[in-house]
Amino acid sequence: MIATILGLTSLSIWIGLLFFHGGFWLCHERDDRPVPSLEIWPDVVAIVPARNEADVIDKAIDALLRQDYPGNFKVILVDDNSEDRTAEIAKRIAGTYPEGKLTIVNGSALPKGWAGKLWALDQGIKAAGQVKWLWLTDADIAHQDDTLKMLVAHAEKDGLIFHSLMARLSCNNFAEWALIPAFVFFFQMLYPFRHINNPKHKTAGAAGGCMLADRASLEKAGGIGAIRHAIIDDCSLGGIMKKQGKIRLSLTNRSLSIRPYLGFQEIGHMISRSAYAQLRYSFWLLALTLFGMCLVYLVPPALALLTHGVSAWIGLAGWIMMALAFQPILHFYHRSPLWGLALPLIAAFYSCATFFSAVHVWQGRGGMWKGRAQARIGL
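Structure report, in brief. (Residues numbered from 1 in each chain as written. Predicted model: local features only at pLDDT ≥ 70, side-chain atom pairs only at ≥ 80, totals over all residues. Heavy atoms only, no water.)

## A word on the overall build of the protein
Reasoning step 1: Summing up its helical and strand segments, the protein has 15 helices and 10 strands in all.
Reasoning step 2: A compact globule built from 379 residues would reach a C-alpha radius of gyration of about 21 Å, and the protein, at 21 Å, matches this within 12%.
Reasoning step 3: Across its three principal directions, the C-alpha atoms of the protein cover 75 × 45 × 40 Å.
Reasoning step 4: Going through the 379 residues of the protein one by one, you find that 56% of them count as buried.
Reasoning step 5: Here the contacts in the protein between residues at least 6 apart in sequence split such that 80% fall between residues at least 24 apart.
Reasoning step 6: Here the protein displays about 17,000 Å² of accessible surface, and carbon together with sulfur accounts for 60% of that area.
Reasoning step 7: Within the protein, the 29 negative side-chain charges are centred at a point lying 7 Å from the centre of the 36 positive side-chain charges. (Helix = DSSP H or I, 4+ residues; strand = E, 2+ residues; numbered from the N terminus. Rg over C-alpha atoms; globule rule 2.2 N^0.38 Å. Buried < 20%, exposed > 50% of the residue type's maximum accessible area, 1.4 Å probe, protein only. Contact = heavy atoms within 4.5 Å. Areas by Shrake-Rupley, 256 points an atom, 1.4 Å probe, with all protein chains shown as cover. Lys, Arg positive; Asp, Glu negative; His and termini not counted. Charge placed at Lys NZ, Arg CZ, Asp CG, Glu CD.)

## Thoughts on helix α6 (residues 174-190)
Quick reminder: α-helices carry 3.6 residues per turn. Residues three or four places apart thus point the same way.
Reasoning step 1: Its 17 residues give α6 an end-to-end C-alpha distance of 25 Å, which sits within 8% of 24 Å, the value for a rise of 1.5 Å per residue.
Reasoning step 2: Most of α6 sits out of view: 13 of its 17 residues are buried.
Reasoning step 3: Measuring from the side-chain oxygen of the N-cap residue of α6 to the backbone nitrogen of A175 gives 3.2 Å; that N-cap residue is N173. (Expected span 1.5 Å × (residues − 1). Polar contact = N/O pair within 3.5 Å; in protein donor to acceptor, adjacent residues only side chain to side chain.)

## Some words on the side chain of D214
Reasoning step 1: Along the chain, D214 turns up in strand β7 (residues 210-214).
Reasoning step 2: Setting aside chain neighbours within four positions, we find D214 in contact with K132, W133, I161 and M241.

## Details of the nonpolar core
Reasoning step 1: One finds W14, F185, L237, M241 and Y297 to be the most contacted residues of the largest nonpolar core, which totals 90 residues.
Reasoning step 2: Of all hydrophobic cores here, the second largest spans 33 residues; its members include L77, W135, M150 and L151. (Core = buried A, V, L, I, M, F, W, Y, C linked by side-chain atoms within 4.5 Å.)

## Let's talk about the packing of aromatic side chains
Reasoning step 1: Tallied over the entire structure, the rule returns 21 aromatic pairs.
Reasoning step 2: For the pair F187 and F193, a centre-to-centre distance of 6.3 Å together with 80° between the ring planes defines the contact as edge-to-face.
Reasoning step 3: Residue F187 is classed as buried on the basis of its relative accessible area, which comes to 13%.
Reasoning step 4: Counting every residue linked through ring pairs, the aromatic cluster contains W14, F24, F174, F185, F186, F264, Y297, F326, W339, F349 and Y350.
Reasoning step 5: Lying over the aromatic face of F332, R168 brings its terminal NZ or CZ to 4.9 Å of the ring centre.
Reasoning step 6: In this arrangement the basic side chain of R168 is found over the ring face of Y333, its NZ or CZ atom lying 4.7 Å from the centre. (Phe/Tyr/Trp six-rings, centres within 6.5 Å; stacked < 30°, edge-to-face > 60°. Lys NZ or Arg CZ within 6 Å of the ring centre and 35° of its normal.)

## Some remarks on helix α9 (residues 233-242)
Reasoning step 1: Burial runs high along α9: 8 of the 10 residues are buried.
Reasoning step 2: Burial in α9 covers these residues: D233, D234, C235, L237, G238, I240, M241 and K242.

## Some details on unusual backbone geometry
Reasoning step 1: The residue R280 is not glycine, and still its phi comes out positive at about 55°.
Reasoning step 2: Positive phi is not limited to glycine here, since H334 has a value of about 55°.
Reasoning step 3: Following the sequence through the fold, H334 ends up in the loop between α14 (327-332) and α15 (343-362).

Structure below.
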């Protein structure tokens, strides 16, 4: 009887997710519409915060400087006290382009109460001057040549004040095949893109690798300083920008992450860096989340494999529904549909990473990135 009740509860949740949660799993919000033309292309400055990015900065900067943008466009790299050759490599790449296209700002010491990336962004924005658009992008993202043109054109035509793309993450080894599509799947579940893009819906979000922001609207929202402590900075920025106007988040193949995750440990660290912050550092939300993950992802296969009769059929139905929900993002990442059956195991990995995210915060090592334990800022 208890097994049947758990199974029906899990199945009901999956029915709600698939049919009443913004169609998050369908991956319909894409950037593949034709790029409109503009009579006047506004000025844009790209801001790139970088700390110890020597292994990827050459590709990222080269991709920015190659942008086929009809208007005035410059790049500012904020070197956030790097201990490697980040700035030197960026200067070398810039030397092959017209003078003045790239400006390198040496970041000042991180003040108390600020997350490192946000402090670097704030310095870059101040150095950008009074431009119409700010393109906030990461040092490990390579953009196709028409990315900025597409971002600005749709923002101007559609009346957006904030236009973000979910960069395509590296998915080239077994650990990435197993875990990266699920990362985007879970993100879409938390922040359904259709809801984000609906001005009447309160859900807001963004993807930090590629964000085009209207400078005037950002200033009205309080600037980067309004979210200076945020660990999940992109969604926090989306939140304050949506209060100012229309925003959009889409999946893309134009912006590519060039930082590979070489194994399960690296991906686990990536998840655990911000998972407990997502739960607002609450022990009770953590406990509820872990219970919910078990109910939604582990109960269906457990019932299908370990019980008989009605309970087994209910469990099988739930397992099939979650496998089907996983298919669009698997297709987007060109992965086998059979990975859908492994979603319970994948969810178990994410649950463990979430638990260890809390443990790291309790140990004073939360949000560890580039040698900084930033999660303590949020406590």
